[in-house]
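Understanding the architecture of this molecule
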Amino acid sequence: MRNLAFAMIVVLGVVSFPSTLTLKSSAIASGRYVTLYDLAATFNGISVRVLKNFKVAFSPQPGTYYTIDAKSVKARAENEIKWLDVLLTSNKIKVSSRSFTINLVKVQQALASKLSTNVFIMDFPTVKIAESDYTVNIKSISEIDGKKFALVEIKANGMNTYANVGFETDLIGRTNDIKKIPEIVNSSLKKKFSLSLINNVKAVPEAFSDNASDQKNSKDGADGTLSSTGDGKLHSSSLQNDFEFIDVGKPFILSKNIIGVPVNFISSSKVVRSVVLKYTVHEYKEVVVAANRIEYGQKITRNSLKLKKLDVYATTTAYATSIKECAGKIALWSFLNGQVVSMQGLKSPPDVVVGQILIAYISYPTMMVTTFVRVMQNGNMGQVIPVRNIENGYMMYGTIEKGPKIRIYSGGE
């Protein structure tokens, strides 16, 4: 009887005090799977272990979200966990995943350790993971057309992510002032360019630190951007530690007039930041432009040209730098006032022109006969053109020679 009474008390206790769980309207996944624990706003009468072992779905990709039908979760949970009563706060549950960006310093240090040399990160894809605790391994090194690449393995929470990183090992200079980087770059290129640091350069995806989560709404440099002020120093709330000096890597082309300069910020003999600074490149020269409108076919004079200082870096125009080499030529194009005069749009005038009167001659073994002829076609030295004898009107053909004069080959009426 005592055992039966005790069993009845236990049963009554279970019935009187069921396990309950209230679902959230939105949740953040904390691992590879979305579990009932992630979706629980409140719960009692059930262990955390049971909730964490109850897998609802795979977690969304880092930094993304999807929605789950709350009624389906309720039905499955109440069916699989006995005595559980699930309460809803909404019909849909928005499930999102945390986002952590890979710290480039970790990648740089892993590469430098493997290669035992300077390493500058030139290109690294935006890789986001859902965990802040991760390791970086270098799986392989390759070189294609003189460019170096590494296959990087990122391990986090039992999952592996792979990415290709472009890097360089050439150190071209060292400085403690960002304003001196253009001098180092020009010295390596053996040219005199004007380099303008692009403000708010996206130095690395999202941020420098490991614990920088999705920062789409961050402000004033907290997203890992760099800006340059008059003192030539880098300023950003993401760049909190001072640096002792900057190692500068070999520049590379990013677009038509923008180059990237990989740099490592060094403090206490360690790389504390690895970034790519972006510069707009300018090359100023005095080039020939039209002083007024030049029409097609017009012979260009000195008065129709002038010199103007322009940025010619990455231009495809075959510009001229001397008025003398343009004056006297014929325009193959029309040029507007102030337009750069392209050498491709000019041609030298013909050596002889239609209507011009020249001396013509024909040679015999014992004599040379000369006469005056009228040129019937524009031509240049060495070209055979038709001419007409001034005295008798006969049409003849001859070669233009230095003088200019015409050497006759044949003729007729």
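See the structure shown above.
This write-up is about the structure you can find in this document. In this convention, every chain numbers its residues from 1, walking through the sequence in written order. Only residues with pLDDT of 70 or above have their local features reported here, since the model is predicted, and side-chain atom pairs are shown and tallied only from 80 upward, although totals for entire chains, interfaces and linings are computed over all residues. Values shown for side chains rest on all heavy atoms present in the structure; no hydrogens or waters enter the calculation.

Strand pairing is assigned whenever DSSP detects at least two bridges linking the two strands. To qualify as a helix, a DSSP run of H or I must reach at least 4 residues; to qualify as a strand, a run of E must reach at least 2; elements of each kind are numbered from the N terminus. Note: strand β21 (residues 252-255) against strand β22 (residues 258-267), three bridges, orientation antiparallel. Its bridge partner being in β22, F252 is matched across the sheet by G260. Counting the residues in the hairpin turn of β21 and β22 gives two residues.

Another point: the nonpolar core. Definition of nonpolar core: a set of buried residues of the types Ala, Val, Leu, Ile, Met, Phe, Trp, Tyr and Cys, connected through side-chain atoms within 4.5 Å. With a 1.4 Å probe rolled over the protein chains alone, any residue whose accessible area is under 20% of its type maximum counts as buried; one over 50% counts as exposed, and the rest are partly exposed. Counting 22 residues, the largest nonpolar core has I102, V107, L111, I121, F124 and V165 as its most contacted members. Mapped by element, the contributors of at least two residues to this core are α5 (104-115), β12 (135-144), β13 (147-156) and β14 (159-168). Setting aside its immediate chain neighbours within four residues, I121 contacts L104, V107, Q108, L111, V165, G166, P262, S274 and V276. Residues L21, L39, I68 and I81 belong to the second largest nonpolar core, which totals 20 residues. In this analysis, two residues are considered to be in contact whenever any of their non-hydrogen atoms come within 4.5 Å of each other.

Right, let's talk about the sheet that holds strand β4 (residues 40-44) for a bit. The mixed open sheet is built from three strands, whose spatial order is β4-β1-β7. Looking at which strands have only one partner, the edges of the open sheet turn out to be β4 and β7 (84-87). Here the average twist between neighbouring strands, direction ignored, is 15°. Pairing analysis gives four bridges linking strand β1 (residues 19-23) to β4, with the strands arranged antiparallel. By the bridge assignment for β4, L23 is matched with A40. Axis lines are fitted through C-alpha atoms, for helices just across the contact stretch, and the angle between N-to-C directions can take any value from 0 to 180 degrees. Together, β1 and β7 form the strand contacts of helix α4 (residues 70-80), whose direction differs from that of β7 by roughly 170°.

Another point: the pattern of salt bridges. For this document, the term salt bridge refers to a Lys or Arg side-chain nitrogen within 4 Å of an Asp or Glu carboxyl oxygen. Per the stated rule, a full pass over the model turns up nine salt bridges. Three or more residues are tied together by salt bridges with common partners; here these are K148, E168, D170 and K250.

Read these as spatial facts, not as claims about activity.
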